[in-house]
Amino acid sequence: MTNIDATHHITLQSWVADANGHAEFPIQNLPLGIFSRGADERRAGVAIGDHILDLGACVAHGLLGGAALAAARAASSGTLNDLLALGAGPRRALRVALSAILANGHRAQDLAASLLHEAARCTLHVPAAIGDYTDFYAGIHHALAVGKLFRPDAPLLPNYKHVPIGYHGRASSVRASGVAFHRPNGQRKPAGSTVPDFGPCRNLDFELELGIWIGPGNTPGTAIPVGEAAGHVAGFCLLNDWSARDVQAWEYQPLGPFLAKSFATTISPWIVTPEALAPFRVAQAARSEGDPQPLPYLWDAADQHAGALDVDLEAYLLTPAMRAAGQAPFRLALSNTRYAYWTVAQMVAHHSSNGCDLRPGDLFGSGTLSGPAMDGCGSLLELTEGGRTPIALPNGGSRRFLEDGDEIIFQAHGTAAGAVPIGFGACRAVVLPAPSPLS
Ligand code: CA
């Protein structure tokens, strides 16, 4: 497991003044990303307060050496795949070096200050070329709530507490926060009708998930032991697995989600490293007394002891009417990463257990991480009980599902005693009208 070191120290402050006390990116965070300025090429950077430090420029000016230099050079191609492939050692060395450069009193402070960009003037991109995207179903409260809608007497299917359920998602439509997307068209079969029609999704939903960036990965035919899986996790983000519920209900049997999910996935663009999240590790606690013992390939004592994360997750809705009136986004959910039934290491071990190779820059979604109560629902499907119970909005409006112009905004924050709180940065996107259906 990752350890606490000087880079986490609560008294550590940065000469980048807006980083001190910053809700997302204090010097204890240092997430990695890919940014551009105007039409400039894509560059690697680290978030510090309201600024971005250009990693390539740090290399060019001789600010980095050793393993940190190797790590920064691996980030110079416009994607972070090669950096993710290096694994924990070089990534930690880069963190230690960047922490020193950005800390109060560094000798090259003036030079480094000239390599900062205002984040508000930059565009953040999907930070890696995603080879494969896999979505799990590890949120136990989501699985229970959705299961209850369809099977009140037996909400969880018999496999749920034995096998981390997942499906292969679509990598091409993963977009960075801020990129609007069109409501999908699809086949829908209204209740009471015997035949489907084709048109704009009527039940568009969000899913509040933790995204997981894969690091080195495995060669085909080998499996990653659960005890070594943490070494293959390069970082985390927020992930919105937009879902067309009406399309999903009609298409999903017998092979699972297809076009109801593949039209768009939104992620927060910063890769928050396992090192940054070290203070927010907790014991795995989502299992209940009497639950079946997982098979040995999914069980590691150290992973159970500290392999879960305690990060608050929030989902907000901003409607066109609220935006026009200058109102603040309305919070739909406050949940937490603790509500994952499987640890990230268990997901990695399970995914590779059949010999399937994971590659640097692959992306996992945790599954919708709802809390145990209604104020923690990580999807409208749960919040409105399948659309039957609309939610009331503070401006007098209501929603069953998302309407055109609606924006969903996720936030994530780690807080722990003795640690500086850190955030993931926003994961947000606006729903645009559906394109005219093909006739
Ligand atoms: Ca999902």
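Predicted, not measured: the structure shown is a model, and the values here were computed from it.

Basis of the calculations
Residues numbered from 1 in each chain as written. Predicted model: local features only at pLDDT ≥ 70, side-chain atom pairs only at ≥ 80, totals over all residues. Heavy atoms only, no water. Phe/Tyr/Trp six-rings, centres within 6.5 Å; stacked < 30°, edge-to-face > 60°. Lys NZ or Arg CZ within 6 Å of the ring centre and 35° of its normal. Salt bridge = Lys/Arg side-chain N within 4 Å of Asp/Glu carboxyl O. Helix = DSSP H or I, 4+ residues; strand = E, 2+ residues; numbered from the N terminus. Pairing = 2+ DSSP bridges. Axes fitted to C-alpha atoms, helices over the stretch in contact; angles between N-to-C directions. Core = buried A, V, L, I, M, F, W, Y, C linked by side-chain atoms within 4.5 Å. Buried < 20%, exposed > 50% of the residue type's maximum accessible area, 1.4 Å probe, protein only. Expected span 1.5 Å × (residues − 1). Arc of directions from axis to C-beta. Polar contact = N/O pair within 3.5 Å; in protein donor to acceptor, adjacent residues only side chain to side chain. Contact = heavy atoms within 4.5 Å. 1 Å grid on protein atoms, 1.4 Å probe; cavity = no way out; pocket = protein on both sides within 12 Å on 5 of 7 lines; lining within 4 Å. Points joined across faces, edges and corners; volume = space filled by probe spheres on them. Nonpolar A, V, L, I, M, F, W, Y, C, P; charged D, E, K, R; others polar.

Caption draft 1: Spotlight on the packing of aromatic side chains. Counted by the stated rule, this structure contains 8 aromatic pairs. Here the aromatic rings of tyrosine 341 and tryptophan 342 are separated by 5.3 Å at their centres, their planes lie at 80°, and the arrangement is edge-to-face. An aromatic cluster of at least three residues, connected via ring pairs, comprises Tyr137, Tyr160, Tyr341 and Trp342. Between the NZ or CZ atom of arginine 287 and the centre of the ring of tryptophan 342, over which it lies, the distance is 5.5 Å. Taking the ring centre of tyrosine 339 as reference, the NZ or CZ of arginine 338 above it sits at 5.5 Å.

Caption draft 2: Focus on the pattern of salt bridges. The final tally for this structure, using the stated rule, is 19 salt bridges. Close ionic contact of glutamate 407 with arginine 428 constitutes a salt bridge, the shortest N to O distance being 2.9 Å. You can see glutamate 407 sitting in strand S24 (residues 407–414) and its partner arginine 428 sitting in strand S26 (residues 427–432), a full 21 residues away along the chain. Three or more residues joined by partner-sharing salt bridges are found here, namely Asp205, Glu207, Asp241, Arg245 and Lys261.

Caption draft 3: Main features of the sheet that holds strand S4 (residues 116–118). An order of S4-S3-S2-S1-S5 is seen for the 5 strands of this open sheet, with the pairing classed as antiparallel. The open sheet terminates on both sides in strands that have one partner only, identified here as S4 and strand S5 (123–125). Each neighbouring strand pair of the sheet contributes to a mean axis angle of 50°, computed without reference to strand direction. With 3 bridges joining them, strand S3 (residues 51–54) and S4 adopt antiparallel strand pairing. The residue bridging histidine 51 from the neighbouring strand is glutamate 118, located in S4.

Caption draft 4: Expanded view of the nonpolar core. Within the largest apolar cluster, 65 residues are counted, with the highest numbers of intra-cluster contacts made by Phe206, Ile212, Phe236, Trp242, Leu277, Val348 and Phe424. The dominant element in this core, judged by the number of residues it contributes, is helix H10 (residues 344–352), at 5 residues. Within the second largest apolar cluster, 48 residues are counted, among which are Ile27, Val46, Val174 and Leu363.

Caption draft 5: Representation of helix H4 (residues 88–102) in the model. An ideal rise of 1.5 Å per residue puts 21 Å on 15 residues; H4 measures up with 21 Å between its terminal C-alpha atoms. Within the span of H4, buried status applies to Ala88, Arg91, Leu94, Arg95, Leu98, Ser99, Ile101 and Leu102. Each buried residue of H4 lies within a common arc of 160° when the element is viewed along its axis, so the set occupies one face.

Caption draft 6: How the structure looks around the side chain of aspartate 205. Structurally, aspartate 205 is set in strand S12 (residues 204–205). Among the polar contacts listed, one links the side chain of aspartate 205 to the side chain of arginine 245, at a separation of 2.8 Å. Those residues in contact with aspartate 205, other than ones at most four positions away along the chain, are Trp242, Ser243, Arg245, Ser379, Leu380, Leu381, Phe401 and Leu402.

Caption draft 7: Seen up close, the sheet that holds strand S7 (residues 166–168). If you walk across this open sheet you meet the 7 strands as S7-S6-S21-S13-S14-S16-S8, and the pairing is mixed. Because the sheet does not close on itself, it has two edges, and the strands there are S7 and strand S8 (174–176). Going from strand to strand, the sheet's axes swing by 30° on average, the running direction of each strand aside. Pairing geometry for strand S14 (residues 233–240) and strand S16 (residues 265–267), over 2 bridges, is antiparallel. Bridged to asparagine 240 within S16 is threonine 266.

Caption draft 8: Inspection of empty space enclosed by the protein at higher detail. Evaluated as defined, the whole model comprises 2 cavities of 30 Å³ or more. Put simply, the largest cavity is a space of about 110 Å³. Taken together, 14 residues make up the lining of the largest cavity; nearest its centre are Leu309, Thr337, Ala340, Trp342 and Val344. Elements supplying a minimum of two residues to the lining of the largest cavity: strand S18 (308–309) and H10. Taken together, the residues of the lining of the largest cavity break down into 8 nonpolar, 5 polar and 1 charged. Put simply, the second largest cavity is a space of about 50 Å³. Considering the residues around the second largest cavity, the lining is formed by Asn29, Leu30, Leu32, Arg91, Arg95, Leu98 and Thr273. Per element, the largest residue contribution to the lining of the second largest cavity is 3 residues, and it comes from H4. Here the lining of the second largest cavity is built from residues that sort into 3 nonpolar, 2 polar and 2 charged.

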